[in-house]
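Summary of structural features
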Amino acid sequence: MDVEPPAVHPKAPTPGTELGIHFDECFGCGDEFEAGLHLRSRIGEAQTVYSEFTVTAAHQGAPGLAHGGLLACAFDEALGSTVGNLLRRPAVTGKLETDFRRPVPVGSTLYIEARLDGTAGRKIYASADGHLDAPDGPIAVSARALFVAVGFEHFTTHGDPAALKKLADAQEKAKRVREGRDWEINP
Ligand SMILES: CCCCCCCC(=O)SCCNC(=O)CCNC(=O)[C@H](O)C(C)(C)COP(=O)(O)OP(=O)(O)OC[C@H]1O[C@@H](n2cnc3c(N)ncnc32)[C@H](O)[C@@H]1OP(=O)(O)O
């Protein structure tokens, strides 16, 4: 099947929108685990999403240097957020390839620019570059990924029902707050 240019969903958040946490317990973006990556993302122009991740002592592999697996995790999160928010289609990572081009020290921040590259049926291609310490800093890590669109049953069949309910409740609450209806439940 031919790869087609990605079609951004008409209701995708607009450029400049800060993307919140998609799940509190997510290791990539959630705030429930102190050692998590606490990645923050924002929609950019032209099918891009900008994310930032500051490396702490909890993310070390060699002394004073980020663990490559956790850097890959940051790219999985940044690319997943790009696919999920721009296409508004549930998808999971099928393949993730990373090039580690420079060491990333503890205390440094990776500025990840991720983009949609194309789709082919259920397959969604995306890639990203991680710039060291500035949005235009040297590229320390690059990644390419294949996401595969899935039905919601992927999560209900394989995931944790209690955690899914917590997520659905949080999303419903956020929707009520956005629509100014929160007083109905919590006056
Ligand atoms: C906002 C949210 C941010 C979240 C960020 C984090 C995202 C994640 O980390 S998700 C978690 C990690 N990923 C997973 O757990 C996925 C586990 N894998 C699976 O569930 C399945 O293998 C799944 C769904 C990817 C594919 O299975 P299935 O639905 O049966 O589809 P399948 O027919 O095998 O594959 C579909 C197509 O993708 C291709 N494909 C699937 N995996 C790969 C792969 N690794 N390499 C190359 N191609 C692949 C297949 O060849 C097929 O291509 P075609 O349509 O041309 O024949």
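For the protein chain, an unreviewed UniProt entry supplies the name Acyl-coenzyme A thioesterase THEM4 and the organism Amycolatopsis saalfeldensis. Quoted verbatim from the Sequence similarities (unreviewed entry) heading of the UniProt record, the comment on the protein chain is "Belongs to the THEM4/THEM5 thioesterase family."

1. A few points about the overall build of the protein chain
Check the secondary structure of the protein chain and you find 3 helices and 7 strands. Shown N-terminal to C-terminal, the secondary structure of the protein chain runs as helices and strands in the order β-β-β-α-β-β-β-β-α-α. Dimensions of the protein chain along its principal axes, counting C-alpha atoms only, are 50 × 45 × 35 Å. Across the 187 residues that make up the protein chain, the buried fraction comes to 24%. When contacts within the protein chain are restricted to residue pairs at least 6 apart in sequence, long-range pairs at least 24 apart make up 66% of them.

2. Some points on the environment of Gly80
Mapped onto the elements of the fold, Gly80 is located in helix H1 (residues 68-87). With 29 residues separating them along the chain, Gly80 and Thr109 place their C-alpha atoms 19 Å apart.

3. Some thoughts on the environment of Thr119
Topologically, Thr119 is positioned in strand E5 (residues 109-120). A tally of 22 C-beta atoms within 10 Å means that Thr119 is categorised as buried. With 118 residues separating them in the primary sequence, Thr119 and Met1 have C-alpha atoms 9.6 Å apart. Once residues lying within four places of it in the same chain are set aside, the contact partners of Thr119 are Glu4, Pro6 and Ile124.

4. Here's the deal with the site of the ligand
Close to the ligand lie 18 residues, the nearest being Gly80, Gly84, Val92, Gly94 and Lys95. Elements supplying a minimum of two residues to the shell around the ligand: H1, strand E4 (91-100) and strand E7 (139-149). By residue number, the principal contributor to the shell around the ligand is H1, which donates 5 residues. Counted by class, the shell around the ligand contains 5 nonpolar, 8 polar and 5 charged residues.

5. Structural notes on the sheet that holds E5
Taken in spatial order, the 7 strands of this open sheet run E1-E2-E3-E5-E6-E7-E4, and their pairing is antiparallel. With one partner strand each, in any of the chains shown, strand E1 (18-19) and E4 form the two edges of the open sheet. Across 10 bridges, the pairing between E5 and strand E6 (residues 123-132) is antiparallel. Along E6, the bridge assignment pairs Ala114 with Ala128. The sheet contacts of H1 involve E1, strand E2 (40-43), strand E3 (48-54), E4, E5, E6 and E7, and relative to E4 the element is tilted by about 135°.

6. Some thoughts on the UniProt feature "domain: Thioesterase" (unreviewed entry) in the protein chain
Feature annotation in UniProt places "domain: Thioesterase" (unreviewed entry) on residues 64-127, given in this structure's numbering. As annotated, residues 64-127 has a helix share of 31% and a strand share of 42%, and its two end C-alpha atoms lie 27 Å apart.

About the criteria used
Residues numbered from 1 in each chain as written. Predicted model: local features only at pLDDT ≥ 70, side-chain atom pairs only at ≥ 80, totals over all residues. UniProt positions renumbered as here; feature names shortened; annotations may be inferred. Helix = DSSP H or I, 4+ residues; strand = E, 2+ residues; numbered from the N terminus. Buried ≥ 20, exposed ≤ 12 C-beta atoms within 10 Å, placed from the backbone. Contact = placed C-beta atoms within 7 Å. Near = placed C-beta within 6 Å. Nonpolar A, V, L, I, M, F, W, Y, C, P; charged D, E, K, R; others polar. Pairing = 2+ DSSP bridges. Axes fitted to C-alpha atoms, helices over the stretch in contact; angles between N-to-C directions.

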